[in-house]
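Read off the chains here:
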Amino acid sequence: MASSGNFLLVFALATLIFVAAAWDVGTRIAPDQHGIQNSSNKALIATASASGHDKGASTVEFVKENYSSSQMTNELDDADQPSNSSSDKSREGGLSIEKICYDKYENIASISVQTMEESAQLLGTSANPTRRRLEEVKREKRDKRAVNPGQQDDEVIIKPENAAVERSKAVDSAFLGKYSIWRREFDSESSDSTVRLIRDQLIMARVYSSIAKSKNKLGLYLELLRQLKESQRALGDASTDSEIRHSVSQRIKEMGQFLIKARDQLFECKTVTRDLRSMLQSADEQVRGLKKQSTFLSQLVAKTIPNGIHCLSMRLSIDYYLLPPEKRKFPRSENLENPNLYHYALFSDNVLAASVVVNSTIMNAKDPQKHVFHLVTDKLNFGAMNMWFLLNPPGEATIHVENVDDFKWLNSSYCPVLRQLESSAMKEYYFRANHPTTISAGSSNLKYRNPKYLSMLNHLRFYLPEVYPKLDKILFLDDDIVVQKDLTGLWSVDLKGNVNGAVETCGESFHRFDKYLNFSNPHISQNFDPNACGWAYGMNLFDLKVWKKKDITGIYHKWQTLNANRSLWKLGTLPPGLITFYGLTYPLNKSWHVLGLGYNPSIDPLKIKKAAVIHYNGNMKPWLELAMARYRPYWSKYITYNDPYVQTCKLTSVYSQS
């Protein structure tokens, strides 16, 4: 009984030793509270191995002794792997951190088992079932390793890696942004390891230069700066191994040797960790700043007119005003007020864009002679629009061009939005050079400072019965659309007493009223449902008879007056459209109108192919350089490339290669 008690005491002590040792190792390898996985170890291993196998091995031992896994990445390069490339040689002597941890655990387990075996032998308890079970487990592991030595190493690496990937998803993105080297999208088996190695060396060189400067080691600091410049010059703008010179391997080796020297003088675990975290936070802030800058620049580009289109407009205008008055008239003017024909309203100041809308509609129409285009532009482009369609008439269809400035009824006393656009407050909002929120506000404010919102062409859509008093129905088209199918079926759609026929754009939680309107204002919250579905301007069928009966223009005026200080919605025409036609919009089948070609790079090609109208809403208009290449051919194929004005303004070379 005494011997049994002694054994239990020894067994308990051995177990405590095992738990304490395991806890110590577990504490040292556990990720820190922020879940940050630093890449410093990878750079040190790589740089050490760049100077030779013997030094690389000693560096690995140093890392094993001084690095916790909160400062290490998931995978250090495997030791003694044969390779012909310089980047593979630079990773000799590496070990997996999971393998290191596993070996430590296994050693602790072996020591504990050995201790229990010795205690059992001393106490004469060799038949103890616990000891026998531990021996069996040990024997099974040994036999398994002998049969398949590589499988265990794979399991040791893969299981912690998968667990770490899951942990990385919980990292606070507000702190780290979107970066995490554990994520699967950063796993790559491509041959770009040399580029990644140089970048890792640059990171560690920056860390050590910061530490050297803080410790007043100016000689080492200056040498680190020199090494940084040399490596940056060797890397250049390369993003793949194929883009860098073959001689870069010598640069990697030199940098690796110098980083070993810097490490021996400067390495402190806490200091390196702190600097790497600081660099990560700084990089994240820079990325956010660059995103805002990118947004600002894309908004700026969206406001511009390409030189070729400006050239086209100017040349056409000059030649139009040289024409005698009798040659400035379009044929078939008697069709303009015939309610039995298919009428389109197109308001644009872009000659090339308007030509694509008209060309695509007519080329896909089954009965072109029944189609009538009512085109309204501004004073600057009036001559150009007329000249273009006089020289390039839309086949048997009818077209008529008007100047918005000729609508004398459209004045500030009648139209509240025009009165607001002429106010000093609005001009201050648009044109103040030192506006404090230009970049910091991001896209939410910048996009509303587009000059199109100052043009009455953009607001003319709310006055369709005044512009076309003799018509019953009209199809409104934006100038950034392309028609791919015959649209005459729209006129037979029963709107069920509604004024507006449009395609809805809302999903489960986006493009609903609360995205466009300020529901903290009682005028909005008391009259509209925040979850009501939004719809798209760009292709809208309007019943002008019901419009007049419901006094839609009067409703628009009421809400536009209430929004004089922009407290209900920001500038634009969609928010007031949602309000004006609230409860009066009939949802059309989505195949009539597919949106997003000006901002969404992942639209299903099948949806585009089946769509009657595709819409380049967004900043990436097809006539701009920043247009998405995959979508531009749908638009550019309707350009009249053989037109002498198009060729003179070099538009052929810009768009024909799309």
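Residues numbered from 1 in each chain as written. Predicted model: local features only at pLDDT ≥ 70, side-chain atom pairs only at ≥ 80, totals over all residues. Heavy atoms only, no water.

Q: Just to check I follow, could you spell out the overall build of the chain for this structure?
A: Along the chain, the regular secondary structure elements total 28 helices and 10 strands. For the chain, with 658 residues in total, the buried portion stands at 47%. Considering only intrachain contacts with a sequence separation of at least 6, the fraction spanning at least 24 residues in the chain is 76%. Of the roughly 33200 Å² that the chain leaves accessible, carbon and sulfur atoms contribute 53%. (Helix = DSSP H or I, 4+ residues; strand = E, 2+ residues; numbered from the N terminus. Buried < 20%, exposed > 50% of the residue type's maximum accessible area, 1.4 Å probe, protein only. Contact = heavy atoms within 4.5 Å. Areas by Shrake-Rupley, 256 points an atom, 1.4 Å probe, with all protein chains shown as cover.)

Q: Sorry if this is basic, but what is going on with the sheet that holds strand E9 (residues 593-594) here?
A: Each strand in a sheet pairs with its neighbour through backbone hydrogen bonds, running either in the same direction (parallel) or in the opposite one (antiparallel). Pairing is mixed across the open sheet formed by 3 strands, whose spatial order is E5-E10-E9. Pairing within the sheet leaves two strands with one partner each, and these edge strands are strand E5 (481-483) and E9. (Pairing = 2+ DSSP bridges.)

Q: Just to check I follow, could you spell out the nonpolar core for this structure?
A: Grouped burial of nonpolar side chains is what soluble globular proteins tend to show. Ranked by size, the top nonpolar core spans 62 residues in total, and within it Leu 312, Leu 475, Leu 487 and Trp 635 carry the most contacts. Sorting elements by how many residues they give to this core places helix H14 (residues 351-363) first, with 8 residues. Of all hydrophobic cores here, the second largest spans 45 residues; its members include Leu 410, Tyr 463, Ala 502 and Leu 578. (Core = buried A, V, L, I, M, F, W, Y, C linked by side-chain atoms within 4.5 Å.)

Q: What should I look at first to understand the pairing of strand E1 (residues 342-347) in this one?
A: On any regular strand, side chains alternate: one points to one face of the sheet, the next to the other face. Burial of E1 is extensive: 5 of the 6 residues sit out of reach of the surface. Remark: the E1/H14/strand E2 (residues 371-377) crossover connection has right-handed handedness. Note: E1 against strand E4 (residues 473-477), 3 bridges, orientation parallel. Directly across from Leu 346, in E4, lies its bridge partner Leu 477. (Right-handed = clockwise from strand over helix to strand, strands pointing away.)

Q: Which parts of the structure should I look at to understand helix H13 (residues 307-321)?
A: Note on helix geometry: an α-helix contains 3.6 residues per turn, so any two residues three or four positions apart are oriented the same way. With 15 residues, H13 extends 21 Å between its outermost C-alpha atoms, agreeing within 8% with the 21 Å of an ideal straight helix rising 1.5 Å per residue. If you check which residues of H13 are buried, you get Gly 308, Ile 309, Leu 312, Ser 313, Leu 316, Ser 317 and Tyr 320. For H13, the angular spread of buried residues about the axis comes to 165°, placing them on one side. Of the residues in H13, the exposed ones pointing more than 90 degrees away from the buried face are Asn 307 and Ile 318. Looking at the buried side of H13, the elements it contacts are H14, helix H15 (382-391), helix H27 (644-648) and helix H28 (651-655). (Expected span 1.5 Å × (residues − 1). Arc of directions from axis to C-beta.)

Q: What is the right way to read the state of the cysteines from this model?
A: In a disulfide, the sulfur atoms of two cysteines are held together by a covalent bond. Per the counting criterion, the structure on display carries 2 disulfides. A disulfide bridge connects Cys 506 with Cys 533, and the sulfur atoms are separated by 1.7 Å. Taking the sign of the S-S torsion, about -100° here, the bridge from Cys 506 to Cys 533 comes out left-handed. Pair noted here: Cys 506 is in the loop between strand E6 (500-502) and helix H20 (513-516) and Cys 533 is in the loop between helix H21 (522-525) and strand E7 (539-543), with a separation of 27 residues, a long-range link. (Disulfide = S-S within 2.5 Å.)

Q: Even after reading the chapter, I still don't get the side chain of Asn 335, so can you show me in this structure?
A: Turning to its location among the elements, Asn 335 is positioned in the loop between H13 and E1. In this structure Asn 335 comes out as buried when scored by relative accessible area, which is 14%. A polar contact is formed between the side chain of Asn 335 and the side chain of Thr 398, at a distance of 3.0 Å. (Polar contact = N/O pair within 3.5 Å; in protein donor to acceptor, adjacent residues only side chain to side chain.)

Q: Mind showing me how you'd approach the sheet that holds strand E3 (residues 398-403) here?
A: Read across the open sheet, the 7 strands follow the order E3-E2-E1-E4-E7-E6-E8; overall the sheet is mixed. Each edge of the open sheet is held by one strand with a lone partner, namely E3 and strand E8 (585-587). If you compare each strand with its neighbour and ignore which way they point, the axes differ by 25° on average. Relative to E2, H14 is tilted by about 175°, and along the sheet it contacts E1, E2, E3 and E4. Set on the sheet, H15 makes contact with E2 and E3; between it and E3 the angle comes to about 170°. (Axes fitted to C-alpha atoms, helices over the stretch in contact; angles between N-to-C directions.)

Q: Would you explain the pairing of E4 in this entry?
A: Buried residues dominate E4, accounting for 4 of its 5 residues. In this structure, E4 lies alongside E7, joined through 5 bridges in antiparallel fashion. Bridge pairing links Leu 475 to Leu 541 in E7.

Q: Help me understand the side chain of Asp 480, please; the structure alone is not making it clear to me.
A: By secondary structure assignment, the location of Asp 480 is in the loop between E4 and E5. A polar atom in the side chain of Asp 480 sits 2.8 Å from the side chain of His 615. Not counting residues within four places of it along the chain, the set of residues in contact with Asp 480 comprises Ile 614, His 615, Tyr 616, Asn 617, Lys 621 and Trp 623.

Q: Please clarify how the environment of Gly 583 should be interpreted in this entry.
A: Here Gly 583 is to be found in the loop between helix H24 (574-580) and E8. Once the C-alpha coordinates of Gly 583 and Val 499 are considered, the two residues, 84 residues apart in sequence, prove to be 9.4 Å apart.

Q: Help me understand the packing of helix H10 (residues 218-235) against helix H11 (residues 248-266), please; the structure alone is not making it clear to me.
A: Think of two packed helices as two axes; the pair is described by the angle between the axes and how far apart they sit. Where H10 contacts H11, the axes come no closer than 10 Å and their chain directions differ by 155°. Classed by the angle they form, the pair H10 and H11 counts as roughly antiparallel. Seen along the crossing, H10 lies across H11 with a hand that is left-handed. Across the interface between the two elements, Leu 220, Glu 223, Leu 224, Gln 227, Leu 228, Glu 230, Ser 231 and Ala 234 of H10 pack against Val 248, Arg 251, Glu 254, Met 255, Phe 258, Leu 259, Ala 262, Gln 265 and Leu 266 of H11. Its residues assigned to classes, the contact of H10 with H11 shows 10 nonpolar, 3 polar and 4 charged. (Parallel < 35°, antiparallel > 145°, perpendicular 65-115°, else oblique. Left-handed = near helix turned anticlockwise from the far one by under 90°. Nonpolar A, V, L, I, M, F, W, Y, C, P; charged D, E, K, R; others polar.)

Q: For this particular structure, what's the right way to read the confidence of the model for the chain?
A: In regions of low pLDDT, the predicted coordinates are not meant to be interpreted in detail. Residues at a pLDDT of 70 or more form 66% of the chain, whose mean pLDDT is 75. Scored below 50 in pLDDT, residues 168-190 makes 41 contacts in the model with residues more than four places away or belonging to other chains. Low pLDDT (under 50) marks residues 436-444, which in the prediction has 11 contacts with non-local residues, meaning those over four places away or in another chain. (pLDDT = per-residue confidence, 0-100.)

Q: So what exactly am I meant to see when it comes to H15 here?
A: Where burial is concerned, most of H15 is hidden: 8 out of the 10 residues are buried. Looking at H15, one finds that the buried residues are Phe 382, Gly 383, Ala 384, Met 385, Asn 386, Met 387, Trp 388 and Phe 389. Summarising the contacts, the buried residues of H15 are in contact with H13, H14, E2, E3 and H27.

Q: How should the packing of aromatic side chains be read in this particular structure?
A: What the rule picks out here adds up to 24 aromatic pairs. Taken together, a centroid distance of 5.1 Å and an interplanar angle of 80° make the contact between Tyr 320 and Tyr 321 edge-to-face. The class of Tyr 320 is buried, set by a relative accessible area of 5%. On the numbers, 4.9 Å between centres and 80° between planes, the contact of Phe 528 with Tyr 582 is edge-to-face. Of the two residues, Phe 528 sits in the loop between H21 and E7 while Tyr 582 sits in the loop between H24 and E8, which places them 54 residues apart along the sequence. Tyr 582 gets classed as partly exposed once you look at its relative accessible area, which sits at 33%. In this structure, Arg 461 is placed above the aromatic ring of Tyr 537, and the distance from its NZ or CZ to the ring centre is 4.7 Å. A cation over a ring is seen here: Lys 515 above Tyr 516, with NZ or CZ 5.9 Å from the ring centre. (Phe/Tyr/Trp six-rings, centres within 6.5 Å; stacked < 30°, edge-to-face > 60°. Lys NZ or Arg CZ within 6 Å of the ring centre and 35° of its normal.)

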